[in-house]
Amino acid sequence: MAINVNLDIALTHILTRKRQTLVASLGVTIGIGMYIFMNSLMAGFGQYSRKEIFKTNPHLRIFREDERSEPIYPSSAGEKMKRVLINPALTTSSKALNNPEKLLEMVRNMPFVTTAAPQVNVDVFYNKGNSQRKGITNGINIDAADAMFNIRSTMVSGSLDNLQGNLDGIVIGRGLAEKLSLNLGENLTISSSKGVLKIMKIVGVFSANNKNSDDTKSYINLSAAQQLAREGTTFVTDIYANTIDPDRAAEFSTQIQTLTPYKVDPWQVTNADLLSGEKIRDVMGNTVTLSILLVAAFGIYNIMNMTITQKMNDIAILKAIGFNGRDIVRIFLTESIIMGTLGVLAGLLVGGLCIHFLSKVYVGGPSGYFPIYFEPKVFGLGAFFGILATSLAGYLPARKAANVDPVTIFRR
Amino acid sequence: MPEPEVIITAQKIGKYFYEPEKFKVLNDVSFEAYRGEFLTLVGKSGSGKSTLLYCLSTMDTDYEGELFIASEKVTGQTPNQLAALRNHSIGFVFQFHYLLPEFSCLKNVMIPALKMGKYKAAEIEERAYQQLDLLGLKDQALKPASKLSGGQQQRVSIARALINEPKIVLCDEPTGNLDSKNAQIVFDIFKKLSTENQQTIIAVTHDADFAAASDRIIELADGSIL
Ligand SMILES: Nc1ncnc2c1ncn2[C@@H]1O[C@H](COP(=O)(O)OP(=O)(O)O)[C@@H](O)[C@H]1O
Ligand SMILES: [Mg+2]
């Protein structure tokens, strides 16, 4: 019953001071709106850049790391052995994975792996006339690679399917095509470091909107790449795997690591530079939005402080007729929370509208529409922080109100 | 005649003010008030009447001596206990008619009862109307308190003090702003409360006739009972 009186009083205060309520709520609205907008923006960019990363990177990459030559005498042999001068250098041994079929099978059988594909990556030169460009060609199992990178969706001309069973076919990046002014159907000579020269026919051009990959990468059949590497049909340099959750890639990589001596890198390791930039951006964005939220909370604090100073008489009367300190805190805290909630609700709406309109903006180029999406988590956190901040901002003045001494007020 | 029941016992209530310099406003005031008694408190301006009333109301706890209400020691109780005690046992009418300005007169009267939570809101409203009617304010019930004249506001605050049927009603110059007709109404109500409902009234007054018609007069001079 008493709780209802407190609420009743709080509501009356709110309703009789609509302007102050509006001003305080508006501060929160702007704060929350900005919070949601900025965070959705960041999340959108994050999602966008991740999509870009996964156009050319698998979640996990298994490969043979460059090894250094080891001393012939193991150092564990101890003092009895004479130390032999050695010259550590990268081994020239092949980059091949041993028994790739079995490893691929094991990787595929991991419960968290969605797709896995073998790959033969060979460093090559692309030659046309006198011009030559360095790059890397990926020997792929066409369907498996497409399942992973959705190469078909990146094709700008020709078709990935023309590569199917066509050992002389090649799909090249758009940048490479432009630099060597190559067109669909024309021939291109590629040479590997093993001295193999192959004349390939361009059956398709792709663009992953990634300059590095568009300028240097090409796709050929797995066996064609094996020929370039002068290797047999079991030769595989990399196994790529996608998982159910890219965020857990690190955890998955350690699990796969127990199966194989080869290096298992999650995509975060391969793209560490990109991710650190993203981290800095997130910290900046969070700092900005939290400051705005703080300012909004300070607005509520200010208005509640003012309200309480103006309502000293009322507080004294309420205490005289039997309201205790807790009741007074409840009354004024309720007012802050109502203002906060109104502000938060409007802020959710404003943030939502901003996202809605921005997501309709066509930026053109590779990005298409502006990469901003509705993230329920951002809305949830925004509401949570908003209510939390306004409650805290309201609590301090309410505490002050509860400590008002009625007699001092009545004597004035 | 049965022994009258003591409702308030003040034992050597002493009170100091420290501004502008230390001086003793209440000088070991001791008295008893009985159930159903209509007491008036008189004395020159500045003699400490209001200060004593604030101590009796339990709002001022910064005093020496001891205070008992209904043979329960009040001195030293927690603020929450005192708030509850004020809510159901003490009605207070302030010297300067303090109402909550944003609320209607009716709501002002209802709030202490809503706070007590003993009756349903509809019953409380009904009773608040009756109180206002008794004080000749029924037609003002739904007006905002701030729209009333001083005298009307004072009567609303009397209705508010009475709504919870407190054992004790403390009034600081309750008729100060009232014309003689309304002062008479208030006097009659107090008289009736004390005789019929056995409520104890302690009223500060400057009105000699009002005091003379009460059951007992306590006169204060420089913080001491004469
Ligand atoms: N807050 C205060 N600080 C210092 N002196 C005060 C304060 N309040 C009242 N006084 C003094 O205490 C004395 C008693 O005041 P009060 O109880 O209001 O008298 P009354 O109600 O009988 O006119 C007066 O001399 C007054 O000036
Ligand atoms: Mg006085």
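In this text, all values refer to a predicted model and were calculated from it rather than measured experimentally. Numbers given for residues are sequential positions, taken from 1 along each chain in its written order. Labels follow written order: the first chain is A, the first ligand is 1, and so on. Only residues with pLDDT of at least 70 get local features here, since the model is predicted, and only at 80 or more are side-chain atom pairs given and counted; chain-wide, interface and lining totals rely on the full set of residues. Only hydrogens and water are set aside; all other atoms, that is, all heavy atoms of the structure, feed into the side-chain values.

Residues and elements named next belong to chain A. Annotation comment: domain bounds sourced from an automatic or database domain assignment. Examined at the domain level, chain A breaks down into domain 1 (3-53 + 274-411) and domain 2 (60-67 + 94-267). The C-alpha-based centres of domain 1 and domain 2 are spaced at 51 Å. Between domain 1 and domain 2, the residue contacts involve 5 residues of the former and 5 residues of the latter. Accessible area that two parts lose when put together, evaluated with a 1.4 Å probe and summed over both, is termed the buried area. For the pair domain 1 and domain 2, the two sides together bury roughly 490 Å², of which 53% comes from carbon and sulfur. A pairing counts as a salt bridge when a side-chain nitrogen of Lys or Arg comes within 4 Å of a carboxyl oxygen of Asp or Glu. At the surface where domain 1 touches domain 2, the tally comes to 1 salt bridge. The residue R50 makes a salt bridge to D247 at a minimum N-O spacing of 2.9 Å. Residues count as neighbours in contact if any of their non-hydrogen atoms are within 4.5 Å of one another.

Within a regular strand, the side chains alternate between the two sheet faces. All names here are of chain A. The buried label applies to any residue whose accessible area, calculated with a 1.4 Å probe on protein chains only, is under 20% of its type's maximum; exposed applies above 50%, and partly exposed to all values in between. Only DSSP runs of H or I with at least four residues qualify as helices, and only runs of E with at least two residues qualify as strands; both kinds are numbered from the N terminus onward. In terms of burial, strand β8 (residues 217-221) is a largely internal element, 5 of the 5 residues being buried. As judged from the 5 bridges shared by strand β3 (residues 131-140) and β8, these two strands associate in the parallel manner. Note that in β8 the partner of T137 across the bridge is S218. Should DSSP find at least two bridges between two strands, the strands are regarded as paired. Taken together, the 2 bridges between strand β5 (residues 169-173) and β8 define a ladder with antiparallel strand orientation. When the sheet's bridge partners are listed, V171 is paired in β8 with Y219.

Generally speaking, nonpolar side chains in soluble globular proteins are found buried as a group. Core analysis: the biggest nonpolar cluster contains 117 residues, and B:F31 and B:F190 have the highest contact counts within it. No other element matches the 8 residues that helix α13 (residues 325-359) of chain A contributes to this core. Apart from the residues lying within four places of it in its own chain, the contact partners of B:F190 are B:F38, B:I158, B:C171, B:P174, B:I201 and B:F210. Nonpolar cores are built from buried Ala, Val, Leu, Ile, Met, Phe, Trp, Tyr and Cys residues. Side-chain atoms within 4.5 Å join them into one set.

Residue and element names in this part refer to chain B. On the secondary structure map, Q95 appears in the loop between β6 (90-93) and α3 (105-116). Residue Q95 is classed as partly exposed on the basis of its relative accessible area of 24%. In the structure, Q95 is positioned 79 residues away from Y16 in sequence and 21 Å away in space, judged by C-alpha atoms. Beyond its immediate stretch of four places on either side in the chain, Q95 contacts S50, Q154, D172 and E173.

The next thing to look at is the interface of chain A and chain B. In this assembly, 29 residues from chain A lie in contact with 26 residues from chain B. A combined buried area of about 2,400 Å² lies between chain A and chain B, and 64% of that area is made up of carbon and sulfur atoms. There are 3 salt bridges connecting chain A and chain B. A salt bridge links A:D327 to B:K115, with the nearest nitrogen and oxygen atoms 2.6 Å apart. Pairing of N or O atoms within 3.5 Å defines a polar contact, subject to two protein rules: one partner must be a possible hydrogen donor and the other a possible acceptor, and residues neighboring in sequence count only if both atoms are side-chain atoms. The interface formed by chain A and chain B includes 7 residue pairs in polar contact (both at pLDDT 80 or more). Of all the elements in the fold, those that place two or more residues in the side of chain A that touches chain B are α1 (2-16), α12 (312-320), α13 and α15 (406-411) of chain A. The element that contributes the greatest number of residues to the side of chain A that touches chain B is α1(A), accounting for 7 residues. Think of it as three bins: nonpolar holds Ala, Val, Leu, Ile, Met, Phe, Trp, Tyr, Cys and Pro, charged holds Asp, Glu, Lys and Arg, and polar takes everything else, Gly as well. Here the residues of the side of chain A that touches chain B are counted per class, giving 13 nonpolar, 7 polar and 9 charged.

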